[in-house]
Amino acid sequence: MTLEIAHPSADPFEGLPPARRRGTLFIVSGPSGVGKGTIVRELVARDPAVRLSVSVTTRAPRPGEQDGVSYHFCAPAAFEALVEGGELLEHAQFGANRYGTPRAWVEAQQAAGHDVILEIEVQGAIQVRQRAEQAVLVFVLPPSFEELVGRLQGRQSETPDAIRQRLAIAREELTFLPMYDYRIVNDHLEVAIRQLQAILEAERCRVSRLGLP
């Protein structure tokens, strides 16, 4: 017996969007000392389709930092002008300094098909969630709070009072975990990097991101 297969009269792929999709915006947050910066930088080095956003800040450059690479450094008045002009996707203040993400650069990278990662704190993540509903939020956790304490103390770059302040902020940040889409426990660095990469790959495969009618 020969099985006859009915062929559709029209191309079933007709009308589908081009293969290139709009890039996805990823937010990576976590307490100070959790290692999120190391995870993000290693992922960006491994994946040529990912772009890491460079924040604008009012703080002075530290030794070795380069304008446009580490941060976009600017005066407080210039920063306020960016806020008033709606040119920042998010912005927050830490201590005496302000930080923000340039909106135009992020949107241009996404339009070109690049995924963009923002390594920002919870304050900024809340704003992005409100303004960019399709953003994917990832929270990096330490294996335990005791481990976080040890990592901060191991830096040997801050006073005990500064460490206590960071730990108090960390406790507050952890209460926002339910707002995030994914969580990564940074117990082993290589595992954490692979988990973040898996999240990116999964989101790239979402049908909802194809722009289908």
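In what follows, the structure referred to is the one given above.
1. A closer look at the nonpolar core
Thinking step 1. Val28, Ile117, Val138 and Leu196 are the most contacted members of the largest nonpolar core, which has 17 residues in total.
Thinking step 2. When contributions to this core are tallied by element, the ones reaching two or more residues are β1 (25-29), α1 (36-46), β8 (136-141) and α7 (189-204).
Thinking step 3. Ranked by residue count, the leading element in this core is α7, at 5 residues.
Thinking step 4. Sequence-distant contacts of valine 28, that is, excluding residues within four places in its chain, are made with Lys36, Val40, Ile117, Leu118, Glu119, Ile120, Val138, Val140 and Leu196.
Thinking step 5. The next biggest cluster of nonpolar side chains, apart from the first, holds 16 residues, and it includes Leu89, Val106, Ala132 and Ala135.

2. A closer look at the side chain of arginine 204
Thinking step 1. In this fold, arginine 204 is placed in helix α7.
Thinking step 2. Judged by relative accessible area, which is 18%, arginine 204 ranks as buried.
Thinking step 3. Residue contacts for arginine 204: discarding those within four places in its chain leaves Arg21, Asp47, Ala49, Val50 and Asp115.

3. Brief notes about the sheet that holds strand β7 (residues 115-119)
Thinking step 1. With parallel pairing, 5 strands are arranged side by side in an open sheet as β2-β7-β1-β8-β9. Each edge of the open sheet is held by one strand with a lone partner, namely β2 (50-52) and β9 (182-185). On average, each strand axis in the sheet is inclined to that of its neighbour by 25 degrees, with strand direction left out of account.
Thinking step 2. Pairing between β1 and β8: 4 bridges, direction parallel. Within β8, the residue paired with valine 28 across the bridge is valine 138.
Thinking step 3. Helix α3 (residues 103-111) rests against β1, β2 and β7 of the sheet, and its axis sits at about 150 degrees to β7.

4. Things to note about the pairing of β7
Thinking step 1. Within β7, 4 of the 5 residues are buried, leaving the element largely enclosed by the surrounding structure.
Thinking step 2. Summarising the sheet, β1 and β7 pair through 4 bridges and their orientation is parallel. Within β7, the position partnered with leucine 25 by the bridge is valine 116.
Thinking step 3. Direction of pairing for β2 relative to β7: parallel, over a ladder of 3 bridges. Residue pairing in the sheet places arginine 51 in a bridge with valine 116 of β7.

5. What to know about the sheet that holds strand β3 (residues 56-57)
Thinking step 1. The sheet built from 4 strands is open, its strands ordered β4-β3-β6-β5 with mixed pairing. Edge strands, defined here as strands with exactly one partner in the open sheet, are β4 (72-73) and β5 (88-94).
Thinking step 2. Two elements, β5 and strand β6 (residues 97-102), share 6 bridges in a ladder whose sense is antiparallel. Bridge pairing in β6 links glutamine 93 to arginine 98.
Thinking step 3. Sitting on the sheet, α3 is in contact with β5 and β6, with an inclination near 30 degrees to β6.

6. Observations concerning the packing of aromatic side chains
Thinking step 1. Following the criterion strictly, the structure yields 4 aromatic pairs and no others.
Thinking step 2. Centre to centre, the rings of phenylalanine 139 and tyrosine 180 are 5.0 Å apart; their planes meet at 80 degrees, and the pair counts as edge-to-face. Of this pair, phenylalanine 139 sits in strand β8 while tyrosine 180 sits in the loop between α6 (160-174) and β9, placing them 41 residues apart in sequence.
Thinking step 3. The exposure class of tyrosine 180 is buried, given its relative accessible area of 8%.
Thinking step 4. Members of the aromatic cluster, connected to one another through ring pairs, are Tyr71, Phe73, Phe94 and Tyr99.
Thinking step 5. One Lys or Arg, arginine 171, reaches over the ring of phenylalanine 145 and ends 4.1 Å from the middle of that ring.

Definitions and limits used
- Residues numbered from 1 in each chain as written.
- Predicted model: local features only at pLDDT ≥ 70, side-chain atom pairs only at ≥ 80, totals over all residues.
- Heavy atoms only, no water.
- Core = buried A, V, L, I, M, F, W, Y, C linked by side-chain atoms within 4.5 Å.
- Buried < 20%, exposed > 50% of the residue type's maximum accessible area, 1.4 Å probe, protein only.
- Helix = DSSP H or I, 4+ residues; strand = E, 2+ residues; numbered from the N terminus.
- Contact = heavy atoms within 4.5 Å.
- Pairing = 2+ DSSP bridges.
- Axes fitted to C-alpha atoms, helices over the stretch in contact; angles between N-to-C directions.
- Phe/Tyr/Trp six-rings, centres within 6.5 Å; stacked < 30°, edge-to-face > 60°.
- Lys NZ or Arg CZ within 6 Å of the ring centre and 35° of its normal.

Purely spatial values, then, with no claim about function.
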